[in-house]
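So the chains spell out like this:
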Amino acid sequence: MNKQVRTRFAPSPTGMLHIGGARTALFNYLFAKANGGEYLIRIEDTDQTRSTDANKEIIKNGLTWLGLGPTDGKWVLQTESIERHKKAVEKLLLEGKAYECFTSKEELEAMREEQQAKKETIRYDGRHRDLSEAQKQAFRDEGRTAVIRIKVPTTGKTGWDDAVQGRIDVPNYTLDDYIIMRADGFPTYNFVVALDDHDMGITHVIRGDDHINNTPKQIFVYEAMGYDLPTFAHVPMIHGKNGKMSKRDGATNVLEYQLAGFMPEALNNYLMRLGWSLGDEEVISLERAIEKFDIGDVNKSASTFDQMKLEWFNAQYIKTTDAQTLFEALEPFFKEKNLNVTDEVKGYLLNGGIDSVKNKTKKLGDLADACAFFFNKPPFSFGEKEVNTLNTDGYRNNLNLFVNKLELETAPVNHDKVSEIIGALCEEHALKFKDFGMPLRVALTGTSSAPGVGDIVEIFGKDVSIANIKSCL
RNA sequence: GUCCCCAUCGUCUAGUCGGCCUAGGACGCUACCCUUUCACGGUGGAAACAGGGGUUCGAAUCCCCUUGGGGAUACCA
């Protein structure tokens with residue numbers, strides 16, 4: 001039987017969308033797409049006290065930004081299936097595969113301390129596994145409320161063939177009869193995950209390797225319910241320089257990368273290269289990755305987050321993205337920097353402006369800064385370096401020579417024409433190209449860090465160029 | 001404590017069932033070149049198989065141990 005491949009990403013709205021979660025989502029997406037399957041989203045909100053609607057929105061926005069929304073368009077909430085979960089608990093109870101446990105939290109705590117002291121495995125000891133009806137009633141009379149625990153084998157081992165980690169076996173004596181329904185009546189994570197993955201027809205469970213320890217517990221549910229096991233694939237986590245990925249290593253919240261000026265394509269590319277590679281290829285599009293991705297090729301070892309390389313990827317994408325697309329991505333950054341985009345400026349930016357500066361920046365915010373001079377109008381407010389440049393007598397003279405020539409031009413002036421004019425002036429006055437470069441750049445743009453003067457004149461046009469230069473004389 | 005996982009340049013990685021590896025690529029660092037600024041780009045360079053035992057004619061590649069990291073041990077997910 002060849003079932004259609006179906007993966008899922010199951011974030012918990014108890015926090016924001018973590019960078020590691022984004023990579024897990026990406027691998028799920030890639031694997032599903034690579035196999036012509038579906039990639040679903042299930043928001044695990046069973047912890048009613050810690051889940052928030054705000055976090056649900058943040059997760060949704062983050063995934064949407066990355067282009068990793070569900071292929072079926074449905075953002076499923078786990079709590080929507082709560083009645084089904086409760087029915088499953090009842091079924092296991094009825095079949096004797098689960099049981100009521102009245103042990104109080106204090107008793108549990110005491111039990112753990114004792115085990116700790118004896119250097120034993122810390123686990124629930126199964127003390128209420130085989131309570132008689134009379135005993136149960138006695139506890140109820142005491143006012144105790146039961147939790148439901150699932151019966152787990154105490155000998156032997158439980159294992160599976162992990163698609164990335166290989167064979168994993170865990171001795172059953174280290175596991176315990178864990179709680180599948182809390183005293184408040186809400187089923188717990190390890191129980192409902194297995195139920196939902198089965199119900200949603202998930203064929204491949206791809207998740208972080210912090211879930212390896214949960215997998216046997218979930219396998220018990222599949223077995224108790226009589227379901228077939230999916231394929232499990234545990235991808236390594238992302239670490240920081242010193243252990244856990246933390247703020248020191250870069251933002252952990254995906255949306256911060258958007259705000260910081262990263263392009264989703266760059267973040268996806270960087271994330272997929274963490275633990276997966278395609279020969280010597282570095283810049284890999286989603287399409288290309290879908291063509292080549294296999295979960296079995298993912299590395300088993302954890303990787304360290306490196307912001308420098310992310311920035312390099314971002315620079316690659318900025319360099320190869322067209323001006324129109326970049327302009328749209330840039331708009332929020334212009335707004336943030338109080339740069340008002342007039343039709344005139346937009347014209348500059350789209351007709352050569354963005355292209356003239358895009359290869360010098362790594363982030364969209366930097367790119368917006370690099371574009372800032374297109375918003376400048378004379379009289380310019382200069383920095384020290386610019387003032388010094390313009391106060392040089394020779395330079396001022398060169399400015400005059402150039403602007404006089406430029407005024408004589410009748411046709412539109414382009415890059416080559418500017419080179420021609422400067423070339424002729426150099427010959428005539430025994431000067432060098434650089435005697436014109438810096439002063440002209442400053443006079444045209446108000447700043448010393450700008451593209452070549454030929455490009456600037458072409459973008460601004462003859463009239464604006466002349467006006468700008470004259471404002472500095 | 002107990003259980004599980006991992007281990008190639010500073011970082012991300014290549015290294016198909018052991019020989020083609022005096023270990024390749026990328027980021028970062030660095031030298032030089034290009035150049036009207038800042039960049040981009042180009043050509044080089046320094047930089048790694050954690051340690052110890054095996055197995056083998058031969059190991060980065062297989063086995064064991066040590067060490068070092070990470071994760072889990074909740075009425076969180």
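Anything mentioned here points back to the structure above.
Model, not experiment: these values are computed from the prediction.

A.B. asks: Describe the overall build of chain A, listing the residues and the values that go with them.
C.D. replies: From N to C terminus, chain A includes 20 helices and 13 strands. Relative to the globule expectation of 23 Å for 473 residues, the C-alpha radius of gyration of chain A, 32 Å, shows a markedly less compact shape. Across its three principal directions, the C-alpha atoms of chain A cover 110 × 45 × 40 Å. A buried classification covers 49% of the 473 residues belonging to chain A. For chain A, the accessible surface area stands at approximately 22700 Å², while carbon and sulfur atoms represent 48% of it. Averaging the locations of the 59 positively and 70 negatively charged side chains of chain A gives two centres separated by 3 Å.

A.B. asks: For the sheet that holds strand β4 (residues 98-101), give the residues involved together with the corresponding values.
C.D. replies: In spatial order, the strands read β4-β5-β8; together these 3 strands make up an open sheet with antiparallel pairing. Taken across any chain shown, the strands that pair with only one partner, and hence form the sheet edges, are β4 and β8 (179-181). Recorded for the sheet is a direction-independent mean angle of 45° between the axes of neighbouring strands. Relative to strand β5 (residues 147-150), β4 runs antiparallel, the two sharing 4 bridges.

A.B. asks: Account for the packing of aromatic side chains, with residues named and values stated.
C.D. replies: The tally for this structure, following the rule as stated, stands at 17 aromatic pairs. Between Tyr-29 and Tyr-39, the ring centres sit 5.6 Å apart and the planes meet at 90°, which makes this aromatic pair edge-to-face. Placement of the pair is Tyr-29 in helix α1 (residues 19-34) and Tyr-39 in strand β2 (residues 38-43), with a sequence separation of 10 residues. On the basis of relative accessible area, Tyr-39 is assigned to the buried category, the value being 0%. Ring geometry for Tyr-222 versus Phe-232: centroids 6.4 Å apart, planes at 85°, classification edge-to-face. Note that Tyr-222 is positioned in helix α7 (residues 215-225) and Phe-232 in strand β10 (residues 231-235), a separation of 10 residues in sequence.

The rules we used
- Residues numbered from 1 in each chain as written.
- Chains lettered and ligands numbered in written order.
- Predicted model: local features only at pLDDT ≥ 70, side-chain atom pairs only at ≥ 80, totals over all residues.
- Heavy atoms only, no water.
- Helix = DSSP H or I, 4+ residues; strand = E, 2+ residues; numbered from the N terminus.
- Rg over C-alpha atoms; globule rule 2.2 N^0.38 Å.
- Buried < 20%, exposed > 50% of the residue type's maximum accessible area, 1.4 Å probe, protein only.
- Areas by Shrake-Rupley, 256 points an atom, 1.4 Å probe, with all protein chains shown as cover.
- Lys, Arg positive; Asp, Glu negative; His and termini not counted.
- Charge placed at Lys NZ, Arg CZ, Asp CG, Glu CD.
- Pairing = 2+ DSSP bridges.
- Axes fitted to C-alpha atoms, helices over the stretch in contact; angles between N-to-C directions.
- Phe/Tyr/Trp six-rings, centres within 6.5 Å; stacked < 30°, edge-to-face > 60°.

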